[in-house]
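Residue-level structure breakdown
If you want the building blocks of each chain, they are given just below.
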Amino acid sequence: MRLTTTGSPSHPFGSVVGILATEDSGRKERAREIRLVAPGEALTASNLAGYRGLLFCNDGPESRSTPLIQRLRESDHLKDGDIVVMEGATGLVRSLYRPRERHHHLFVTERCNSNCLMCSQPPKDRDDIEALTVRNHAIIDLIDQPPSYLTITGGEPTLLGDHLFGLVSHLKAKMPDTEVHILTNGRTFAWPVFTRRFAELDHPNISLGVPLYADIPGVHDYVVQAVGAFDQTIAGLHQAARNGIRVEIRVVLHKQTLPRLLKLAEFIYRNLTFAEHVALMGLEYTGYTPLNIEELWIDPFDYRDQLEAAVEFLAIRNMNVSIYNHQLCVLKPSMWSFAKRSISDWKNAYLPACEGCSALEECGGFFQWAVRKHSAHIHPIEADRVREILNVSA
Amino acid sequence: MGPASSPAQATEIALVQFDRALFSEEVVLKGCYWLARDFICEIATADSASIQVTIKPRQSSSVEALPFAKETLIQSVSDFALREKIDAKTSGIRDLLLAKAFSEAGVLEDAPTGTFGDKIEQENPQGMFKILGSC
Amino acid sequence: MARTFFPTEKYGTKPATFSLLPFRFMRLNSKELLVNEAGEFLFAPSGTVQDLAEGSVPINSELYLDLKAKHFLYDEASSPLFDLLATKIRTKFDHINGGTKLHIFVVTLRCEHSCDYCQVSRQLTTRGEFDMTPATADRAIEMMMDSPSPAVTLEFQGGEPLLAFDMIQYIVPRAKRLAKERGKLLDVVLCTNLACITDEILSYLRDERIKVSTSLDGPAFLHNRNRPRRGGDSYEKAIEGIQRCREVLGHEGVAALMTTTAASLEHVTEIIDEYVRQDFHSIFLRPISPYGFAIRTRHRTGYEMDKFVEFYKKGLDHILEINRGGYRLAEVYSQILLTKILTPHSTYYVDMQSPAGGAWNVLVYNYDGDVYASDESRMLAEMKDWTFRLGNVHRDSRASVFTGEPALKMFEASCNQALAGCSDCAFQSYCGADPVYHYATQGDMYGHRPTSGFCTRNMSVLKHLFSRIEENDRDVMRIFWSWITGSAPRTEAALCD
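1. A closer look at the overall build of chain B
When its secondary structure is counted, chain B shows four helices and three strands. In sequence order, chain B lays out its α and β elements as β-α-β-β-α-α-α. Looking at the 135 residues of chain B, the share that counts as buried comes to 24%. Put simply, of all contacts in chain B between residues at least 6 apart along the chain, 50% involve residues at least 24 apart.

2. Examining the overall build of chain A
Of regular secondary structure, chain A possesses 10 helices and 18 strands. Summarising its shape, the C-alpha atoms of chain A cover approximately 65 × 55 × 40 Å along the three principal directions. Within chain A, the proportion of its 394 residues that are buried is 47%. Long-range contacts, defined here as pairs at least 24 residues apart, represent 70% of the contacts in chain A between residues at least 6 apart.

3. Quick notes on the interface of chain C and chain B
In this assembly, 20 residues from chain C lie in contact with 21 residues from chain B. Mapped by element, the contributors of at least two residues to the side of chain C that touches chain B are helix H1 (48–54) and helix H3 (82–92) of chain C. The dominant element in the side of chain C that touches chain B, judged by the number of residues it contributes, is H3(C), at six residues. Tallied by class, residues from the side of chain C that touches chain B come to 11 nonpolar, five polar and four charged.

4. Some details on helix H6 (residues 229–242) of chain A
Compared with an ideal rise of 1.5 Å per residue, which puts 14 residues at 20 Å, H6(A) spans 20 Å between its outermost C-alpha atoms and is within 8% of the ideal. Counting buried positions along H6(A) yields 12 of 14 residues, so the element is predominantly enclosed. Here the buried face of H6(A) lies against helix H4 (192–200), strand S12 (206–211), helix H5 (217–224) and strand S13 (246–252) of chain A together with H3 of chain C. At the exit of H6(A) stands Gly244(A), carrying a positive phi of roughly 75 degrees.

5. Some words on the interface of chain C and chain A
Across the contact, 29 residues belong to chain C and 33 residues belong to chain A. Listed by contribution, the elements that provide at least two residues to the side of chain C that touches chain A are helix H2 (62–69), H3, helix H18 (474–485) and helix H19 (492–495) of chain C. Looking at the side of chain C that touches chain A, the element that brings in the most residues is H2(C), giving four residues. For the side of chain C that touches chain A, the residue count by class is 14 nonpolar, seven polar and eight charged.

6. Quick look at the nonpolar core
Within the largest apolar cluster, 257 residues are counted, with the highest numbers of intra-cluster contacts made by Leu55(A), Leu280(A), Val311(A) and Leu34(C). The residues touching Leu55(A), leaving out its near neighbours within four places in the chain, are Ile34(A), Arg35(A), Leu36(A), Val37(A), Ile69(A), Leu72(A), Met86(A) and Val93(A). With 17 residues, the next largest nonpolar core counts Val16(B), Phe23(B), Val27(B) and Leu35(B) among its residues.

7. Points about the pairing of S12(A)
Residues and elements named next belong to chain A. Summarising the sheet, strand S11 (residues 179–183) and S12 pair through four bridges and their orientation is parallel. Paired with Val180 across the strands is Ile206, a residue of S12. The parallel pair S11 and S12 is bridged by H4, and the resulting crossover is right-handed. Of the strand pairs in this sheet, S12 and S13 are connected by five bridges, and their pairing is parallel. Residue pairing across strands places Val210 opposite Ile249, the latter belonging to S13.

8. Side note on the sheet that holds strand S1 (residues 14–19) of chain B
Residues and elements named next belong to chain B. Pairing is antiparallel in the open sheet, where three strands are placed in the order S1-S3-S2. Each end of this open sheet is capped by a strand with a single partner; those strands are S1 and strand S2 (39–47). For this sheet, the mean angle separating the axes of adjacent strands, direction not counted, is 25 degrees. As paired strands, S1 and strand S3 (residues 50–57) are joined by six bridges and run antiparallel to one another. Bridge pairing in S3 links Leu15 to Thr54.

9. Observations concerning the sheet that holds strand S15 (residues 389–392) of chain C
Residue and element names in this part refer to chain C. As summarised here, the arrangement of the eight strands in space is S10-S9-S8-S7-S6-S13-S14-S15, forming an open sheet in which the pairing is mixed. Among the strands making up the open sheet, the edge pair consists of strand S10 (254–257) and S15. When strand polarity is set aside, the average angle formed by the axes of neighbouring strands in this sheet is 25 degrees. Here five bridges tie strand S6 (residues 102–106) to strand S7 (residues 151–157), and the two strands are oriented parallel to one another. Among the inter-strand pairings, Phe105 is bridged to a residue of S7, identified as Phe156.

10. Regarding helix H16 (residues 435–442) of chain C
Structurally, the α-helix is built with 3.6 residues per turn, so residues lying three or four positions apart point the same way. All names here are of chain C. Counting buried positions along H16 yields eight of eight residues, so the element is predominantly enclosed. Every buried residue of H16 is accounted for by Pro435, Val436, Tyr437, His438, Tyr439, Ala440, Thr441 and Gln442. Within two residues after H16, Gly443 carries a phi angle of roughly 75 degrees, on the positive side.

11. Here's the deal with unusual backbone geometry
Excluding glycine, residues mostly carry a negative phi; peptide bonds, for their part, are mostly trans. All names here are of chain C. The linkage connecting Gly158 with the following residue, Gly159, adopts the cis geometry, with an omega of 10 degrees. You can see Gly159 is positioned in the loop between S7 and helix H5 (165–182). The peptide bond linking Ser354 to Pro355 adopts the cis configuration, its omega dihedral lying at -5 degrees. Positionally, Pro355 belongs in the loop between helix H12 (332–342) and strand S13 (362–365). Notably, His71 is not glycine yet its phi reads approximately 60 degrees, a positive angle. With respect to the helices, strands and loops of the structure, His71 is situated in the loop between H2 and strand S5 (73–75).

12. A word on the packing of H5(A) against H6(A)
All names here are of chain A. Closest axis-to-axis distance for the H5/H6 pair is 8 Å, and the angle between their directions is 100 degrees. Taken together, the axes of H5 and H6 are roughly perpendicular relative to one another. Along the contact surface, H5 presents Pro217, His220, Asp221 and Val224, while H6 presents Ala229, Phe230 and Asp231. Taken together, the residues of the contact of H5 with H6 sort by class into four nonpolar, one polar and two charged.

13. Examining the pairing of S13(A)
Residue and element names in this part refer to chain A. Pairing between S13 and strand S14 (residues 277–281): five bridges, direction parallel. By the bridge assignment, Arg250 is partnered in S14 with Ala279. Taking the sense of rotation as the criterion, the β-α-β connection linking S13, helix H7 (residues 261–271) and S14 turns out right-handed.

14. Focus: the environment of Asp116(C)
Tracing the backbone through its elements, the reader meets Asp116(C) in the loop between S6 and helix H4 (134–145). According to the C-beta neighbour criterion, Asp116(C) is partly exposed, with 16 such atoms within 10 Å.

15. Things to note about the packing of helix H2 (residues 129–142) of chain A against helix H3 (residues 162–174) of chain A
Residue and element names in this part refer to chain A. The contact between H2 and H3 brings their axes to 10 Å, and the two run at 0 degrees. Comparing the axis directions of H2 and H3 gives the class roughly parallel. Side by side, H2 and H3 meet where Ile129, Thr133, Asn136, His137 and Ile140 of the first sit next to His163, Leu167, His170, Leu171 and Lys174 of the second. Each residue belonging to the contact of H2 with H3 can be placed in one class, and the counts come to four nonpolar, five polar and one charged.

16. Comments concerning the confidence of the model for chain B
Residues and elements named next belong to chain B. The predicted model of chain B averages 87 in pLDDT, with 89% of residues at 70 or higher. The secondary-structure element of chain B with the lowest mean pLDDT is helix H4 (residues 128–133), recorded at 87, while helix H1 (residues 25–33) shows the highest, at 96. Of the regions scoring below 50 in pLDDT, residues 6–10 engages in six contacts with residues more than four places distant in sequence or in other chains. Both scores are available for the predicted complex, with the pTM at 0.93 and the ipTM at 0.92.

17. Section: the environment of Arg449(C)
All names here are of chain C. Position of Arg449 relative to the elements: it lies in the loop between H16 and helix H17 (453–471). For the pair formed by Arg449 and Cys422, sequence separation is 27 residues and the distance between their alpha carbons is 7.8 Å. If we skip the residues at most four places from it in the chain, Arg449 touches Ala420, Gly421, Cys422 and Cys455.

18. Here's the deal with the environment of Ile59(C)
All names here are of chain C. Structurally, Ile59 can be placed in the loop between H1 and H2. Along the sequence, Ile59 and Asp75 sit 16 residues apart, while their C-alpha atoms lie 9.9 Å from each other. Ignoring anything within four residues of it in the chain, the contact list for Ile59 reads Lys14, Pro15 and Tyr64.

About the thresholds
Residues numbered from 1 in each chain as written. Chains lettered and ligands numbered in written order. Predicted model: local features only at pLDDT ≥ 70, side-chain atom pairs only at ≥ 80, totals over all residues. Helix = DSSP H or I, 4+ residues; strand = E, 2+ residues; numbered from the N terminus. Buried ≥ 20, exposed ≤ 12 C-beta atoms within 10 Å, placed from the backbone. Contact = placed C-beta atoms within 7 Å. Nonpolar A, V, L, I, M, F, W, Y, C, P; charged D, E, K, R; others polar. Expected span 1.5 Å × (residues − 1). Core = buried A, V, L, I, M, F, W, Y, C linked by C-beta atoms within 7 Å. Pairing = 2+ DSSP bridges. Right-handed = clockwise from strand over helix to strand, strands pointing away. Axes fitted to C-alpha atoms, helices over the stretch in contact; angles between N-to-C directions. Parallel < 35°, antiparallel > 145°, perpendicular 65-115°, else oblique. pLDDT = per-residue confidence, 0-100.

What follows is the structure, given as structure tokens:
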């Protein structure tokens, strides 16, 4: 699904964040809204007054005060209530928050102190923190219906330092019941002062999602391309636990992480017993992954036994374990009940080989980009077989 | 390298000699301790270079078990010698670990080490980790 | 622009040497079993310990990585994570945290049974010199609540405590009131043979949320032989009592314990089957307490314990078979030891701890106000040996009980870390110290491991369990874990392979 479009800014302005509106919802609301004007809509100056910004599919009127972008290339994806940003410098219009979706993110920085081989969002050495922090506070202000879940992601969110604490405090004040999940490499939490301050924010529904790729430093540090990262992450997880911060462990399955996967499961159980969830995730063929594919790719069908062993190891120990980004037809049937449909609405797709499959509803399908790189064993599953498997695991 | 053993002088006893250069009195004693249910071990200093153990069964019925007892003793003394070696290398760390384990949380904790920042962070004299490091 | 990627050599730096972390080892099944200070273990090929001692484990081997991941060694390529290991050690010793949790009240010595294995009961039916008085109860409740533990368990024992039901009715509300005042959680357990249970008593137990623990030694012929009473109907009374308890208190409201006598040794499968027949989901294969008879047969207890070990092994096989068949039945002792071996957690079973549970985790308040370190200690006292009488509720405070000479003497022999034979045993982290047992059987609180029944039993049981763990049979491990977690085992059928 489309998230960006471009047009021509009427005059120079900075970044404007607002709620997209396709019709007039009253003068009081206009100060928060960005009005999208459809082709052929005839509006007077007073119809357009008071909006935070204006978007025109065709040519718009001259504007020197209200930020305006005209001749948008695409507008079908823009829906009422979406929170969007208009960039005066580039004419870019980006959807930041769409209330109808299940998955919501606050993207807080492109900076990162790691450089994972399979990063789906390759980091940049450009200081974007101040600007994105302003934008994210604006988004939080504009969310009317607090979502059930919200993920803070980057880059590495802890590089925000005080700004991260500010965002978490804002979320706590505005939507305390929203479950906030921070995707972090956990390294910064090794600093007791940082972790204590984070804990003192006392957000009632917050947890960390921290990747761990091996039970030994060499492999983990290679995967994240940072010397000492393993030790820092382990120390960070322990500081978090000591301060009562909930954590999830995330493992991406690939050529580097699979050989010691069962031993990693054992390490997690013995050393990180406090983890409230362990997510075993399939590789995403995007970002850095295509660049490093030789170092990463193993057909999920070929590691299904290792995956089952690790999942069972954790499950019999009452650890909460899930499998993400895997198609049911390449998993052992015993693993179906652990597989979660985690792929974002706008990311998932199916292959021609999926045609006639009776498990589509239960299956997560593919990331769109996975259409280019996927298991050689994707196949439809017959209805009887699906019923049989679902009955037994129920 | 193994302990020298001499043939038993009588069928009712077994003799084992341990080279002092390889085995301390302590480890020989520990080995003998575990035979004590069924055997009596007499420990003597044969000469300045070795320790001699005489193994006698507690009950005459255990005479057949003497070769096994001897083998057990040799293995067990070697293992205690290994333990002694490991203990010598690790007792300091054990003390440290126990002190850390039973001190108030955080008191004896090590400060984080290594590089934490990205390039921008490292180049910033006011970087967060520099501030954290000086707390 | 993408940043640069560096090859694996930059991160998996091969260290020139490595350093050892403290561990203990033993030889088992042609392998070496290594156990570190946090109770984490590794089966390694024979010769590994020698290589470790000499620094010659190949640094690029899988074994090296395993040893490193499980904290048997560290090297300069990464931090030693001492704080992580220290936290794990602290977690394993959680049982010493918080103070005495279990408080046993012996409200009377009177009993209508006359079991051979009981050292304490008196065949009297009227209240008198062997009953606890209200004044003694008041002081005992005070001392119990002086424990710093935020949660305490009050367990009524005897004799048959139901013969002093009025004293139970006296103690419960007072204990509850004081617990509330002190902000403590209070659990109440009644150990009874159920022979004298009545509807009135059952309603009371239900209303006061008191759990029942009873004795079931096996099928009728064995139970009645072990537990004689007038009428020879101990078994029938127990079974009827269990049914009535379940009706009123719910199925989980009553638990049963068995004692293995010489007569039991040949009947382990029948005993276990009886537990299944009575719909129990746990059974504790318990050896007889050696107090009394063992003193007369000192050095022979070790051999007698061998028989128990055979009984246990045969029983465990049978129990595993029953679980494979789909009926969930946990063996409690194995469950406790497996929890020690396989989990990072501490266990709170007072008879298998170091420091020993006596006083730290359990105190016994006898009918006459004397305070003992354990149930076994007061049995010794019944044989006129007051070594483990730590004080009396009328004369002592919790502090003076803990600092009196009997307690201090006992504490000296309470840590297996400092006992001959235990100090370098690979099983130290999983085992305990038992000064009372060793004093009773060997006349010496420190004990002599090669002839100790305690050591024979635990060494054998632990070796047996470790062998099963090393076999790593999928079904057996699933069953073991179902005992540890208390969840239903993920059976092969449920996993639909």
